[in-house]
Each structure stands twice: as structure tokens, then as C-alpha cells.
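Commentary on secondary and tertiary structure
In case you want the letters, here they are:
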Amino acid sequence: VQLSARVLLSLAAARYLWKRYCISDDYDPTTAKPNTGASPKKAFSVPTKAARAGDSDVYVYFGSQSGTAEGFSKELEAEGKQHDLSVSVVDLEDFDADEFSKHKVVVMVVATYGEGDPTDNAVEFFKWLQGEERGAEELKGVQFCVMGLGNRQYVGFNSCGKLADAKMEALGGTRIYERGEGDDDQNIEEDFEQWKERGFWPALRQAAGKGDAGADGEKSTKVGKKDILASLQLRAEVREDPKKLPVDPLVQVGGADILGKWYFQAHQSQVVTEYELRQASDPEAGKTTKHLDFDVKNIPSLDWRTADNLEVLPSNPIDVVEWWVERLGVKDQLESSVGFARAEGVDRPVKKPFPTPCSVQDALGLYCDLCAAPSKGAMKKLAVFVSNDEERSTLEALLEDRQAYQWLTGEGVRASFRELFELYLESATVDFGTFLQLCPRQKSRPYTIASSSREDKHKIGVCVSVVAEELRPLDEIVKELESRGHTAPGGAAALKRRGEAASSSRSFRGVCSTMLCNRTKQGERLWIQARPSSFRLPRKSSTPIVMIGAGTGVAPFRGFVREFKAENGARQKTMLFFGCQKSDVDFLYKDEFQEALDAEPKVLGELVNAFSREQDKKVYVQHRLRERAQDVAAMVQDGGYIYVCGATSMGAAIRDELSIALGSPDYVTRLLTEGRYIEELW
């Protein structure tokens, strides 16, 4: 099952702390007790040059797991020039307490990860923030504001943002602007934009001693092509012979950002098993679900446990890469090697955005997100390379119309990166090396592990369904854009190239799920990394266990059942609720579950199925839960654990039914705080 990055957990050592302090939307961070544990022994990283106090007007610190907070921070850095402010972005991994306390103006952009945890790069900062030794004037003189990112579906929504906001004030800092809350369950980019519009830049200018530049704080400074090129720290070189690539000792490995770091920490693993799970599949229509096993025997540093998360790096479809190499003028250099050296005038160490030397094919196929529409910030940087003035003005107007761009790139339309280039960047002239640095990085996709580490520590299994959506035809999109006042300069040419296909519905296919289900074969090697999840079985084998999942949400429970088998059926109080459409169409792991039920002693106590399309009225897992409310309540009252995995809408319905079954929503909240109600939703 694929999860959005927001539902994965951070470091296990921090999890208890965050569940303890951040358990509801009514949570008041000002009442949270400081961390009473021993001071962290890990020394803070030597601060980067950007973190030195006095270098900039404003310092933006980010805590990011999937790159969203980091991306927003870099947008603030770029926009600062328009407001006559110098802005430096600092990874919280490079947090230095002494330098931090000297800053005059600080903006915190912090994501909440999993069930209220800080992101991996922010754990040490939050430990420092809550340390007993912190005094009431620790941050005196620091003017700050906070933008929190999270998902409202979770109990600890934006808990890290709330905590940072409250604790920085308690330590003597002065809040200069209201706390923002981005909700990834809705439109987190829109939340970020609205937060800024309420007076963010004027507040920063006042705090930095530059006065108010007017009602909206706008300055006449406009970022142009020269500014973008000057901001690039590297230049890319392409050579047929990798030995002839320039060697720059100050271009270092490790990754220039959160996503880049992932590339350098990932492992290559061979797919040793691949098979269809559906009884009736149709890959062309997007109706396919695969089980894949990865061999990790030769990766001793990869630590994982049953029902953890496996992150997989996708590769772009071949036809997509072919279009881009043609557009960028490197069609005849696919097998040539790419390397990086410092750009002219850069005199300090710079990290590579991804591992090099690598082929042009891999640079575009693995490390660039060539499918999804870029964020507005990324598109604004590319817009400066449009040579036709009218075309560039049209694109800039589109990017200023948030609703129009949101419609164009959101559900139901999902204009691709290529389509945006065809419609609005026909005259753009951007060289390959520049594109590599401006193009959004490819993100890994997390999947709940569907295998047992106790059964086989050397093999990790995942369960994957193709993410598919039918989209509006291109000709309708062009017409709608025109009706919104954003005529696409390249629209007519794009429609002509497609012919009759322009009036047919378009198909969206998830880049990673499609790779795994349709293109990956046994023997192939993919880049992976494991992360801990919240799904942990209770230590006592006598503890009742209730598992609820629909579709690929059954993945962790397949892992649990394999664990039960490895334990020789020691857990006798187990119940699995599983939902799908039909028993003869998409009953995942059907034979395995039946074997578990028939085993002596039983490996799985009971399987309760909800086949939604096998009767006139649709029946889902929440309906089956209602029917078995008394049995589930009895298991919970006996100390049982409940695990839920699936869509957020299903998760909400399950909570409602459990509240009724247990007599009160407060009972469910209590289970959450006790760690006996665990969910992973997307």
C-alpha cells in the first residue's frame, strides 16, 4: 500500500514525547512540560555560512521530511528579493543554538510527521527547545513567526508548529506574525499563499528595520533570468567518457536538499518475486495489484521490522524521458555521463543535487520529476527562460492566478509538466545543465511493508496497486483556460499535434505504482530505503488484535499474519476486517488468509470480509465493524489493540463506528494516547 509521506513516522525515540504532548487539535503547547530526559549527546552540526547571525535580514529554518517545508522555505528566499530583504534558508539539521539566539528575524517552516512527531532533521532542535535548562530570556531579541505543515486527519495536526510557536515565545522571543497552518489533506500550497497574503512581508520588513513598503509590501524588484542563473551554485558538464568530466574537490556528495540526501542514503535492491494479486486484472485500464519482494540480504545497514515502510524511487516512463531529451537537445547523449563543478564565482563547498557521474538517461529518468506539474515557485523560475515576451507575460499572469493554476494542476485535470511546457513555454530556451538544477527532484514513494521480518529478515514485500484516474481532454482544458482569461500560446499547436486524441479523455497513472505494476520484472534492481512506522504488535501474545483494512490497506496485516505464522500461531485473539469489491475480482492474498484460518493451531483467528459490489447495497468495512461492534468492544476492553489502514475517508468512518461501539469518542481518544489505536491513512 502506498502512503503519502505525511503518514510515516519519525525517529522512534521521539515518538513517545510527541504523542504525549500533541494529541488533539485542542492541544495547548504552553502547558507542555519540557523534556526531562538527559540532554542529547549528539553535537549539533557546525552551522553553514547561511546560518551565521548578521549575514541576512531574515533566517528561514525548515523541518521537512518529504521536501514540502524545504520548498516553501526556498520560495520565501526567492521572494525576499522582491521585498528588499536578504533571506537565508537553514536546514534544522544544521541548527546551532548560539547562532540561532543571535538572529534578529526568524521564520520557522516546520512539518509535523506521522502521529505528531518532528521531522528527522528537526528532532534535535525540538529537544533543545524543550530542554529544562532553557531560560525565559533564551531567545530575547529574536523576532519570529511560524508556518506549520500537517494533515488535519491526524490527532496531532500541526503539533510541531504549535509547539515551536508557543515555546519560542515562552523563551523570550517576540511573535511578529500569526502562526500559519497548512493542511495537506486539502490544499497546503493554497494555505501557504493565504498565510503570506495576510501581511507576512510587511511584518518581516518592519521587524528587519526596513519599514512598511505599502499595503502589500511589494517592491519593484523583479527576478529575471540573470538572477536565476546567478543563484545556481553548479554547472553541469556532459562527456562521452566519464573520465574526462571535470573533477572539483569542493563539489561534495551527500545531497543538496532533503530529497537529494535520500538519493545518497538509498540502497539498490533486486526484485526477486513479482506476481498479480487480483483474480481479474486489466493493466491497460489500471486495474492491477502486484506483490513484489526485494532481496536485502546484502544490505546489512538497512534496518526494518514487520509493517514498516519501504520507500521506492520511481523512474520516469520511457516516452516521457524521450520527449524531454528531444526538448532539451540531448537526444544523442543519453549514454553520455553527467558531472557537476562549481559555477563561476562560487568559492565555497557545494553539494551535488544527486549522485554523479551518471548517465544523461539516469539524470532525467531517476532524479528529475518529469511527470507532475511543478509548484508555482518552480514554474516562476522556469518562466524567465521564455524568450517571447507575450508568451512569458501570459505564463506569469497564469501563475499569479492561484485558482486557475490550482485548477490546471489539480484533480480531474492534472496538467503534466510536458503539457505545461507545450501550452506556455514553447519559446523557452533552457540548457540541460540549468534544467537539471531547476527541475523538481523525483520523490521516493513509501509503501507499507507486507512481509514479516521475523519470518525472513532478508526479504521485504510490498503490495502495490496502480494509481489511475481518467482526466479531461486537452481541448476542453484549452477552452477552459481561455474562458478564465489565460489563453495558452501553444494551445493550437498542441491540439494539432494530437489530432483526434485531443478530444479524448487523458489518463493519469501514478509514476511509481505504474513502474512497479507494469514495468518491473523479476531480477530488476531498484533504489529503496526503509523507514519505521507506527504499526507495532503488542509484546504479549495474549493481547487481542483487531485489524481493519480495505484494498491495499491490507498490506501491513498480510505482514502481521506472516508474523503470526512465524510465531507458530501463538496469538489466538486476532480478527481481520478486509474490504474489496468482489471475492472473485480483487480479494488480495485470498489463499494465504484462508490457509491462515485453516492452520492448526490457527494463525488468524477470524476474517470478516466486506465485498462492496456483491449485493444491491454497497457494504464496506465500517458496516461489518458495526455488525461486530460488541465483539470488537469486548476485545478492546480486554486490552486489545486496533490497527486501521486505508483511505482517510475510511479511517474517519471507522472512528465514528468505534466511538459508538465503545460508548464515546473520548474512549477512542484514550486508545490513541495509550498507543492502542494506530492508523496509517492516505
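1. Concerning the sheet that holds strand β8 (residues 234-239)
- With antiparallel pairing, three strands are arranged side by side in an open sheet as β8-β13-β15. Looking along the sheet, the strands with just one partner apiece sit at the ends: β8 and β15 (358-359).
- Alignment of β8 against strand β13 (residues 337-342), held across six bridges, turns out to be antiparallel. Bridged to R239 within β13 is S337.

2. Here's the deal with the confidence of the model for the protein
- In the predicted model, the protein carries a mean pLDDT of 90, and 91% of its residues have values of at least 70.
- Low pLDDT, under 50, characterises residues 3-50; the stretch is placed with 118 contacts to residues that sit more than four places away or in other chains.

3. With respect to the packing of aromatic side chains
- One pass over the full model with this rule turns up 34 aromatic pairs.
- Each ring, one from F125 and one from F126, has its centre 5.1 Å from the other, and the planes form 75°; the classification is edge-to-face. Each of the two residues, F125 as well as F126, counts as buried.
- Between F417 and F435, the aromatic rings sit 6.1 Å apart at their centres with planes inclined by 25°, giving stacked as the arrangement. With F417 in helix α15 (residues 417-424) and F435 in helix α16 (residues 432-438), this pair connects stretches of sequence that are 18 residues apart.
- By way of ring pairs, the aromatic residues Y61, F95, F100, F125, F126 and W128 are connected into one cluster.
- R414 extends its terminal NZ or CZ atom over the ring of F508, reaching a point 4.3 Å from the ring centre.
- Between the NZ or CZ atom of R670 and the centre of the ring of Y667, over which it lies, the distance is 4.6 Å.

4. Regarding unusual backbone geometry
- The linkage connecting T356 with the following residue, P357, adopts the cis geometry, with an omega of 5°.
- Its location among the elements puts P357 in the loop between β14 (350-351) and β15.
- Look at the link from E600 to P601: it is a cis peptide, with omega at -5°.
- Relative to the helices and strands, P601 is located in the loop between α21 (590-598) and β23 (606-611).
- The backbone phi angle of D84 is positive, close to 60°, even though this residue is not glycine.

Thresholds, definitions, all that
Residues numbered from 1 in each chain as written. Predicted model: local features only at pLDDT ≥ 70, side-chain atom pairs only at ≥ 80, totals over all residues. Heavy atoms only, no water. Pairing = 2+ DSSP bridges. Helix = DSSP H or I, 4+ residues; strand = E, 2+ residues; numbered from the N terminus. pLDDT = per-residue confidence, 0-100. Contact = heavy atoms within 4.5 Å. Phe/Tyr/Trp six-rings, centres within 6.5 Å; stacked < 30°, edge-to-face > 60°. Buried < 20%, exposed > 50% of the residue type's maximum accessible area, 1.4 Å probe, protein only. Lys NZ or Arg CZ within 6 Å of the ring centre and 35° of its normal.

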